[in-house]
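As a plain string of letters, each chain reads:
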Amino acid sequence: MFKIIQKTIKTGIVTTRYPDEPAQTSEHFRGRPVFDFLKWTDARPAAEVCPTAAISINSEENSRRVSIDYGLCVFCGLCAEASADQAVQVTREFELATTDRRDLLFSAEYSLHADGTHQELLAVHRHIPEAPVEVEKVGQRTREQIQRILKRSLAIREVDAGSCNGCELEIVALNNPVYDLQRFGIQFVASPRHADMLMVTGPVTRNMELALLKTYRAMAEPRIVVAVGACGISGGIFGKNYASLGGVDGVLPVDVYIPGCPPRPQALLHGILLAIGRLGEKLGQTGQ
Ligand code: SF4
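My aim in this report is to walk through the structure given alongside it, one point at a time. Here the structure is a predicted model, which is why all the values come from computation and not from measurement.

Turning next to the packing of aromatic side chains. Here the structure, examined in full by the defined rule, presents seven aromatic pairs. Their ring planes at 45° and their centres at 5.3 Å tell us that Phe-35 and Trp-40 sit as a pair that is tilted. Take Phe-35 and Trp-40: they sit in the same class, and that class is buried. Following the ring pairs from residue to residue traces out a cluster consisting of Phe-35, Phe-37, Trp-40, Tyr-70 and Phe-106. One cation-aromatic arrangement involves Arg-264 over Phe-94; the distance from NZ or CZ to the ring centre is 5.7 Å.

Next up, the structure:
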């Protein structure tokens, strides 16, 4: 007993200060790749190596449209390695959760040289959110918002609809002393009857479709659905096939999308905080 107390005192507080303070990430962590469309001289090598077709190109005789979908991206960094012009850089950004799937889509149009390289950037298309959603930066405000909106804690039911369990490992980490989700009054529950939020991982496999729908229908209104990871958003590396229906929004209405493969615990927390705001909207409360 004495040794345990001694070790506890020696270890001190290990819980991260995120989101009160910026997250500390390893220098090896790979987050969102960013694309310098002006500098990009050729998108073909990146599109060829992209394992999920998150980068796709549509070339005509003298022009090319390059589309980027962060909902498909698994943050492997291969596009950056394949782009000799340094126009693609892997960053450590992970706060990518959004309430609108269109926010994860970008495209650029180029005129082409005869050899197929980019001649001129003609246009960049991206969906600009009408009203950017403010995510709470301070844990205390999060607790207050949960208290104001729910009058109790936020209960989450998680369903693995067919994932590789990578997302589950990160979700489980939310409960450890480092991320300590319960400091916000957020907890995972076993029964959908007790849940306010349904968190879904994996592409929706045909075998899990009915179970997912039953879980959703068992939840009381208002309920929010969070699609976790590239697979939950778009089907990811599995896509749609004989066994998979693709992303969660093909089966259920999704309120928040959390990109990543898998999203790190802080990215999940960022998405959960965003989802609490959506729940407030459904209840007619802005949370401000
Ligand atoms: S980082 Fe994303 S966009 Fe780049 S190659 Fe990997 S999956 Fe494709």
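Next comes the rest of the description.
What follows deals with helix 1 (residues 2–11). Of all ten residues that make up helix 1, zero are buried, and the element is exposed over most of its length. In the stretch just after helix 1, Gly-12 is the one whose phi turns positive, near 75°.

Relative to the assigned elements, Arg-64 resides in strand 3 (residues 63–69). Separated by 2.8 Å, the side chain of Arg-64 and the backbone oxygen of Gly-116 make a polar contact. With residues near it in sequence (within four places) discarded, Arg-64 still touches Asp-42, Arg-44, Ile-57, Asn-58, Ser-59, Ala-108, Glu-109, Tyr-110, Leu-112, Gly-116 and His-118.

As a further point, take the environment of Ser-63. By the secondary structure assignment, Ser-63 is in strand 3. Ignoring anything within four residues of it in the chain, the contact list for Ser-63 reads Asn-58, Tyr-110, Ser-111 and Leu-112.

With parallel pairing, the five strands of this open sheet are ordered in space as 8-7-9-10-11. Either end of the sheet is taken by a strand with one partner, and the two such strands are strand 8 (186–188) and strand 11 (256–258). Between one strand and the next, the sheet's axes are offset by a mean angle of 25°, whatever the strand orientation. Two elements, strand 7 (residues 154–160) and strand 8, share three bridges in a ladder whose sense is parallel. Of the residues in strand 8, the one forming a bridge with Ile-156 is Phe-188. Relative to strand 9 (residues 197–201), helix 5 (residues 166–173) is tilted by about 140°, and along the sheet it contacts strand 7, strand 8, strand 9 and strand 10 (224–228). Here helix 6 (residues 206–218) sits on the sheet and contacts strand 7, strand 9 and strand 10; the angle it forms with strand 7, its principal contact strand, is near 170°.

Here we take up the pattern of salt bridges. All told, the structure shown has eight salt bridges when counted by the stated rule. Salt-bridge contacts for Asp-69 lead to Arg-101; the nearest nitrogen and oxygen are separated by 2.8 Å. Within this pair, whereas Asp-69 is found in strand 3, its partner Arg-101 is found in the loop between strand 4 (88–90) and strand 5 (105–112), the two being separated by 32 residues in sequence. Given the relative accessible area of 18%, Arg-101 is considered buried.

This part covers unusual backbone geometry. A cis amide bond, omega -10°, links Glu-221 with the succeeding residue Pro-222. Here Pro-222 shows up in the loop between helix 6 and strand 10. A cis amide bond links Cys-261 with the next residue in sequence, Pro-262, at an omega value of -10°. Secondary-structure assignment places Pro-262 in the loop between strand 11 and helix 8 (265–282). One non-glycine residue, Gln-86, adopts positive backbone phi at about 60°. When you line up the elements, Gln-86 lands in the loop between helix 3 (78–82) and strand 4. A relative accessible area of 47% places Gln-86 in the partly exposed class. Phi at Asp-180 is positive, roughly 40°, even though this residue is not glycine. In this structure, Asp-180 sits in the loop between helix 5 and strand 8.

Within the largest apolar cluster, 42 residues are counted, with the highest numbers of intra-cluster contacts made by Phe-35, Trp-40, Ile-55, Ile-68, Leu-198 and Leu-252. Mapped onto this core, the elements with two or more residues apiece are helix 2 (44–49), strand 3, strand 5, strand 9, helix 6 and strand 10. Once you skip the residues sitting within four places of it in the chain, Leu-252 turns out to touch Leu-198, Leu-212, Leu-213, Tyr-216 and Val-225. Judged by nonpolar contacts, the second largest core, of 31 residues, contains Phe-29, Ile-186, Leu-269 and Leu-279.

Another point: the pairing of strand 7. Put simply, side chains in a regular strand alternate between the two faces of the sheet. Within strand 7, five of the seven residues are buried, which leaves the element mostly enclosed by the surrounding structure. Handedness of the crossover joining strand 7 and strand 8 through helix 5 is recorded here as right-handed. By the bridge criterion, five bridges tie strand 7 to strand 9 in an arrangement that is parallel. Its bridge partner being in strand 9, Asp-160 is matched across the sheet by Thr-201.

Each value, and the rule that gives it
Residues numbered from 1 in each chain as written. Predicted model: local features only at pLDDT ≥ 70, side-chain atom pairs only at ≥ 80, totals over all residues. Heavy atoms only, no water. Phe/Tyr/Trp six-rings, centres within 6.5 Å; stacked < 30°, edge-to-face > 60°. Buried < 20%, exposed > 50% of the residue type's maximum accessible area, 1.4 Å probe, protein only. Lys NZ or Arg CZ within 6 Å of the ring centre and 35° of its normal. Helix = DSSP H or I, 4+ residues; strand = E, 2+ residues; numbered from the N terminus. Polar contact = N/O pair within 3.5 Å; in protein donor to acceptor, adjacent residues only side chain to side chain. Contact = heavy atoms within 4.5 Å. Pairing = 2+ DSSP bridges. Axes fitted to C-alpha atoms, helices over the stretch in contact; angles between N-to-C directions. Salt bridge = Lys/Arg side-chain N within 4 Å of Asp/Glu carboxyl O. Core = buried A, V, L, I, M, F, W, Y, C linked by side-chain atoms within 4.5 Å. Right-handed = clockwise from strand over helix to strand, strands pointing away.

Geometric descriptors of this kind do not, in isolation, establish any biological role.
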